[in-house]
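Listed below, chain by chain, are the residues.
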Amino acid sequence: MQYRRLGRAGLKVSELSFGSWVTYGKQLNDDLARECMTAAYEAGVNFFDNAEVYARGQSETIMGSVLKKVGWRRSSYAVSTKFFWGINKGVNEQNTLNRKYLMQAIDGSLARLQLDFVDLIFCHRPDPETPVEETVWAMHDIVRSGKALYWGTSEWSADEIRTAWEIADKHHLHKPVMEQPQYHLLHRNRVEQEYAPLYRDLGLGTTTWSPLASGLLTGKYNDAVPEGSRATLAGMEWLRSSILDPRGIEKARKLAKIASDLGVPMAQLAIAWCLKNPHVSTVILGASRVSQVHENLGALAVVPKLTADVMAAIDAACAD
Ligand code: NDP
């Protein structure tokens, strides 16, 4: 495992990390989550991603109980959480980044995670109904309080990130240091084009999500929809059409041929491709079973196989 700086921040994150969206609570109970996290940690993963909203807090509860059981040195790993959607229905408890919500949400997350602090906190989406200045001050205050160490954004536009950064800079506050964007072979423009000036000007780091496009880029949907896969899960109907989009499947079939010519699983090809981008600080993996964690970590060995010719073939396979 290699470690990359989180943008301009001093924190070093493993280039592959592990997240808990969908799986914790729905597919993984405490024991399976512990097996997956242990497999990742033993391979050098030092960052575990979470969010308040995942399984309405249950994902944090599961991760907290795993961390307590395994007893790893707290300084050897980083944990994140994210705020926006909330887990309660009150007017100041959901779909907001207002100060009241944020200052209370962090306490709920820490209690569920059984931690004194989290390493990274993210504003999970932008909130058009709260002044950015209010959010920036609240995130700064959480960091100042020691309940979190770094803060950032998820799926904010480049303009929104720059505005937040400039407010923090002007008032000498803790600045947003990282963004968590979707990034994979079929979804690349924002990370590659829109954010490009932010890497240069602000030293933005990225913790990227869904490297396998929810499983589509493993090739498992190329011929049929496997029973028990994400596309079949209750509550995931909204995602099913994008996983099974015929244009995506067609590209996945072409990618499968490239992977097979290289002699590697397609999942490893797709993850290794994300790692080739130096602006990616860490690729957050998702897995519903331990064998997937092992297979996906194998992507590290595939990076050197992605020569310029292979990268060009991949681009051609993914072209519209
Ligand atoms: P992926 O796109 O990699 O999808 C992971 C899913 O694909 C697994 O749960 C599994 O689903 C399937 N899969 C994984 N590996 C394999 C394999 N080798 N063979 C076959 N199937 C496989 O990542 P996620 O969408 O899970 O995102 C990763 C993390 O990113 C999340 O856990 C979360 O922490 C973060 N995230 C952040 C978001 C944000 O808004 N900030 C949004 C989404 C994710 P199954 O077996 O059920 O088919």
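All figures in this text were calculated on a predicted structure; none of them were measured in a lab.

(A) Up close: the nonpolar core. Counting residues in hydrophobic clusters, the biggest one holds 96 residues, and the most contacted among them are Phe18, Phe48, Leu255 and Ile314. At nine residues, helix H11 (residues 266–275) tops the list of elements feeding residues into this core. Listed in part, the 11 residues of the second largest apolar core include Leu6, Leu11, Val13 and Leu120.

(B) Region of interest: the packing of helix H2 (residues 30–42) against helix H12 (residues 290–297). Running from N to C, H2 and H12 cross one another at 20°; their axes reach a closest spacing of 9 Å. Judged by the angle between their axes, H2 and H12 are roughly parallel. With respect to the hand of their crossing, H2 and H12 are arranged in right-handed fashion. Counting all contacts with H2, which are made through Glu35, Cys36, Ala39 and Ala40, the residues of H12 involved are Val290, Val293, His294 and Leu297. Taken together, the residues of the contact of H2 with H12 sort by class into six nonpolar, one polar and one charged.

(C) How the structure looks around the site of the ligand. Taken together, 34 residues form the shell around the ligand, and within it Asp49, Ser210, Lys220, Arg230 and Ser288 come nearest. Lys220 has a polar side-chain atom sitting 2.7 Å from an oxygen atom of the ligand. Starting from 900 Å² of accessible surface for the ligand in isolation, the protein chains cover 96%. When contributions to the shell around the ligand are tallied by element, the ones reaching two or more residues are strand E10 (282–285) and H12. Per-element accounting of the shell around the ligand gives the leading share, three residues, to H12. Residues belonging to the shell around the ligand are distributed by class as follows: 11 nonpolar, 16 polar and seven charged.

Here is what the cut-offs are and how they apply
- Residues numbered from 1 in each chain as written.
- Predicted model: local features only at pLDDT ≥ 70, side-chain atom pairs only at ≥ 80, totals over all residues.
- Heavy atoms only, no water.
- Core = buried A, V, L, I, M, F, W, Y, C linked by side-chain atoms within 4.5 Å.
- Buried < 20%, exposed > 50% of the residue type's maximum accessible area, 1.4 Å probe, protein only.
- Helix = DSSP H or I, 4+ residues; strand = E, 2+ residues; numbered from the N terminus.
- Axes fitted to C-alpha atoms, helices over the stretch in contact; angles between N-to-C directions.
- Parallel < 35°, antiparallel > 145°, perpendicular 65-115°, else oblique.
- Left-handed = near helix turned anticlockwise from the far one by under 90°.
- Contact = heavy atoms within 4.5 Å.
- Nonpolar A, V, L, I, M, F, W, Y, C, P; charged D, E, K, R; others polar.
- Near = heavy atom within 4 Å.
- Polar contact = N/O pair within 3.5 Å; in protein donor to acceptor, adjacent residues only side chain to side chain.
- Areas by Shrake-Rupley, 256 points an atom, 1.4 Å probe, with all protein chains shown as cover.

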